[in-house]
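For reference, the chains in residue letters:
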Amino acid sequence: MGLLVLGAVALVPRSKLVPAQAASPGPEVEANAHHDTSPPLRDIPPASPSGRHAHARRPLPGSPAGNNGPDPVVQSAAAPLAMPAATTFEGVGLGLSPTVDSVPPDPNGSVGLTDFVEVTNESFAVFRKSDHAVLKGPVRTNTLWSGFGGGCEAHDDGDATVKYDRLADRWVFQQFAVLVKPLVLASPLLVCVAVSVLGNPTGSYHRYSFALSTFFPDYPKLAVWPDAYYMSTDSFSGLGFSGARACALDRTRMLSGLSATRQCFQTTSSATPDGLLPSDLDGSVSPPAGSPAFFVGFTTTVLDLWKFHVDWTTPANSTFTGPAAIPVAAFTRACDSSCVPQLGTTRKLDALGDLTMYRLARWYEIRSPASAPWVFQQGTYAPDSTYRWMGSIAMDKSENMALGFSASSSSINPGIRYTGRLPGDPFGVMGQGEGTIINGTGSQFSHPTSGALDRWGDYTSMAVDPTDDCTFWYTNEYLA
């Protein structure tokens, strides 16, 4: 059977007939505003810095802090350490110029056949896997759009992510261009996408921009699926949350550098969960032919799951169906804002407890997502009083899971740890103990220009190596 990872949710497709759900009206079809093919990235000079700043967290609808009941699936003790030791190397920051100068840095990365690419909020670097040598960068992310013109070239506004498309041996970046200067929105708002021409991430890229006339496309997330590149964003009108937006980008045409469209569904209710995550393919086994992509959001009592079926020949036939409400065990979130303590300061960090984490210290395995979705197993990893947050999880070809996360308390600085489970471990348990990647040696007090600050991370990312389907690559942050 096919396996795929969605956020911190493992999905195992299985056939079962269920009543059909209501589908949204037809999609908005948007042609790219501009497209071209770049010179080789290795030959493009770095773009100029855009200035140090903190990314504002846009206000979201209030919601109760969890299910307000005892957690029946909490793992309150760590298993004996059986995780293999981690090999680490420094990414963007710590002397690699340009240094990380935005908060939160939104660290994420992806791994290909010979290279690893890391992106922070406004910069990226290409590393050779074999010896971790830097092949390009760090450079500002809008370096990818040098010579492209317009906002994608002019602005380096952050919220960038990178994905390796193992089905085609290509690299895919996305970043928005939304600000003329802090707090002044650009017109038009742009989503910028770059797809490598070949498998070398320092080579040329097919580049695209898609214009938005209305909603601010916050918290964008990119995923690879056979029939499209899928994206999710939180939609804001002014500072008001206006629901979520799910889009499919024409992967086939973008791989060939042709003009491309994207099809988008905008949810109409501000009660829609924010931070929807699209299904993202891991491993060499594709989902069943014709499988829709899946989008998952999180509310206090359920996971909400949508199915996105895209039809590039007849867009009117495309559907965004759902949500299917999947009940989950009761729990209490850490908090939606500032509650994570640190050593040496009363300043606490943002836990983002209201969002599904990119690629969760809490985790779920959903089966039959295309038909009758249900939670096969789930867990809350809380083995002691240390706060664990900013989790990201992935599954390898043998159904082993690796979960990385930030860890902090009043007696330690924020650091990076990991745990995992094997298929034979007890249900709902990370049975392989907990390892330390790095013990942080600094705590976050403030931002040089923004003053007191509680933002941290927004997300991290766990990826599986395509060469063996059993090596995990994890990207996170710490302070020196």
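Scroll up to find the structure this text is about.
Thresholds, definitions, all that
- Residues numbered from 1 in each chain as written.
- Predicted model: local features only at pLDDT ≥ 70, side-chain atom pairs only at ≥ 80, totals over all residues.
- Heavy atoms only, no water.
- Disulfide = S-S within 2.5 Å.
- Helix = DSSP H or I, 4+ residues; strand = E, 2+ residues; numbered from the N terminus.
- Buried < 20%, exposed > 50% of the residue type's maximum accessible area, 1.4 Å probe, protein only.
- Polar contact = N/O pair within 3.5 Å; in protein donor to acceptor, adjacent residues only side chain to side chain.
- Contact = heavy atoms within 4.5 Å.
- Pairing = 2+ DSSP bridges.
- Salt bridge = Lys/Arg side-chain N within 4 Å of Asp/Glu carboxyl O.
- Axes fitted to C-alpha atoms, helices over the stretch in contact; angles between N-to-C directions.

1. A closer look at the state of the cysteines
Linking two cysteines covalently via their sulfur atoms produces the bond known as a disulfide.
Working step 1: Scanning all chains against the criterion turns up 2 disulfides.
Working step 2: The disulfide that involves C152 links it to C192, with 2.1 Å between the sulfurs. Residues C152 and C192 share a disulfide whose torsion about the S-S bond is about -95 degrees; that sign makes it left-handed. Taken together, the residues C152 in helix 1 (residues 150–154) and C192 in strand 14 (residues 184–196) connect sequence positions 40 residues apart.

2. Concerning the side chain of R262
Working step 1: By secondary structure assignment, the location of R262 is in strand 19 (residues 261–266).
Working step 2: Here R262 falls in the buried class, since its relative accessible area comes to 3%.
Working step 3: At a separation of 2.5 Å, a polar atom in the side chain of R262 contacts the side chain of E30.
Working step 4: Beyond its immediate chain neighbours, meaning those up to four positions away, R262 contacts E28, V29, E30, V191, F210, L212, R245, C247, A248, L249 and W312.

3. Re the pairing of strand 28 (residues 387–395)
Working step 1: Burial runs high along strand 28: 8 of the 9 residues are buried.
Working step 2: Across 7 bridges, strand 28 lies against strand 29 (residues 401–409) in antiparallel orientation. Bridging from a neighbouring strand, R388 pairs with A407 of strand 29.

4. Overview of the environment of P383
Working step 1: As for its placement among the helices and strands, P383 is situated in the loop between strand 27 (374–381) and strand 28.
Working step 2: In this structure the C-alpha to C-alpha distance between P383 and M430, which are 47 residues apart in sequence, comes to 10.0 Å.
Working step 3: Among residues more than four places away in sequence, those in contact with P383 are Q75, S76, A77, A78, R388 and E434.

5. With respect to the pattern of salt bridges
Working step 1: Tallied over the entire structure, the rule returns 16 salt bridges.
Working step 2: With a closest N to O distance of 2.8 Å, D36 and R207 form a salt bridge. Pair noted here: D36 is in strand 4 (residues 34–37) and R207 is in strand 15 (residues 205–212), with a separation of 171 residues, a long-range link. As far as burial versus exposure is concerned, D36 and R207 are alike and both buried.
Working step 3: Between D280 and K163 there is a salt bridge, and its shortest N-O distance comes to 2.5 Å. In this pair, D280 sits in the loop between strand 20 (277–278) and strand 21 (293–298) while K163 sits in strand 12 (residues 161–165), placing the two residues 117 residues apart along the sequence. Each member of the pair, D280 as well as K163, is classed as buried.

6. So, unusual backbone geometry
Generally, phi is negative for residues other than glycine and the peptide bonds are trans, each holding for most cases.
Working step 1: Note that the residue after G137, namely P138, is joined by a cis bond; omega there is -5 degrees.
Working step 2: Secondary-structure assignment places P138 in strand 11 (residues 134–140).
Working step 3: Note the cis peptide between G322 and P323, where omega equals 5 degrees.
Working step 4: Here P323 lies in strand 23 (residues 319–327).
Working step 5: Although it is not a glycine, D106 adopts a positive phi angle of roughly 50 degrees.
Working step 6: Its place among the elements puts D106 in the loop between strand 7 (102–103) and strand 8 (108–111).
Working step 7: Notably, L352 is not glycine yet its phi reads approximately 50 degrees, a positive angle.
Working step 8: In this structure, L352 sits in the loop between strand 25 (345–350) and strand 26 (362–367).
Working step 9: On the accessibility criterion, L352 (3% relative accessible area) is buried.

7. Some points on the sheet that holds strand 31 (residues 434–438)
Pairing between the strands of a sheet is mediated by backbone hydrogen bonds and can be parallel or antiparallel.
Working step 1: Taken together, the 4 strands give an open sheet; going across it, the order is 28-29-30-31, and neighbouring strands pair in antiparallel fashion. Looking at which strands have only one partner, the edges of the open sheet turn out to be strand 28 and strand 31. Adjacent strand axes in the sheet meet at a mean angle of 25 degrees, parallel and antiparallel pairs treated alike.

8. Observations concerning the environment of T319
Working step 1: Within the secondary structure layout, T319 lies in strand 23.
Working step 2: Residues T319 and P27, 292 residues apart in the sequence, show an inter-C-alpha distance of 7.4 Å.

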